[in-house]
Amino acid sequence: IVTDNEMPKMTGLKFLQKLHKMNCKIPTNHMAIISGNLSASDSETIKQLGCLEFKKPCSFESISDWLQRLNF
């Protein structure tokens, strides 16, 4: 799962937190958020959830490298 933080009805961080609370079967290390304006506190929350943060602008290569490292 890759989500942007800026979405119409919910932030990407709230979305990831909701998935975590719902005991989503997708491993948290398979979840990432892309943003250019997260606070240090938000970044720490993402890390505590076990998710990855990509800071905008991010390269396709950085996302591709992450995907290749995942165990499917």
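What comes next is a walk through the structure. It should be emphasised that the depicted structure is a prediction, and the values quoted were computed from it without experimental measurement.

Moving on, we get to the environment of Ile46. Mapped onto the secondary structure, Ile46 falls in helix H2 (residues 40-49). Residue Ile46 is classed as buried on the basis of its relative accessible area of 1%. Once the C-alpha coordinates of Ile46 and Gln17 are considered, the two residues, 29 residues apart in sequence, prove to be 8.6 Å apart. When sequence neighbours within four positions are dropped, the list of residues in contact with Ile46 reads Leu13, Ile33, Leu38, Cys51, Leu52 and Glu53.

Right, let's talk about the sheet that holds strand S1 (residues 2-4) for a bit. Read from one edge to the other, the open sheet built from three strands follows the order S1-S2-S3, with strand pairing classed as parallel. For this open sheet the edge positions go to S1 and strand S3 (52-55), each flanked by a neighbour on one side alone. With direction set aside, neighbouring strand axes in the sheet form an average angle of 25°. With four bridges connecting them, strand S2 (residues 32-35) and S3 associate as parallel partners. Counted as the bridge partner of Ile34 is Phe54 from S3. Along the sheet face, helix H1 (residues 12-21) touches S1 and S2 and points at about 140° away from the line of S1. Relative to the sheet, helix H3 (residues 60-69) contacts S1, S2 and S3, its axis offset from that of S3 by approximately 165°.

A few words now on the pairing of S2. In S2, alternate side chains face the same way, and those of Ala32 and Ile34 on one face and Ile33 and Ser35 on the other are all buried. Taken together, S1, H1 and S2 form a β-α-β motif whose crossover is right-handed. The parallel pair S2 and S3 is bridged by H2, and the resulting crossover is right-handed.

Procedures and definitions
- Residues numbered from 1 in each chain as written.
- Predicted model: local features only at pLDDT ≥ 70, side-chain atom pairs only at ≥ 80, totals over all residues.
- Heavy atoms only, no water.
- Helix = DSSP H or I, 4+ residues; strand = E, 2+ residues; numbered from the N terminus.
- Buried < 20%, exposed > 50% of the residue type's maximum accessible area, 1.4 Å probe, protein only.
- Contact = heavy atoms within 4.5 Å.
- Pairing = 2+ DSSP bridges.
- Axes fitted to C-alpha atoms, helices over the stretch in contact; angles between N-to-C directions.
- Right-handed = clockwise from strand over helix to strand, strands pointing away.

None of the figures reported here should be taken as evidence of function without further support.
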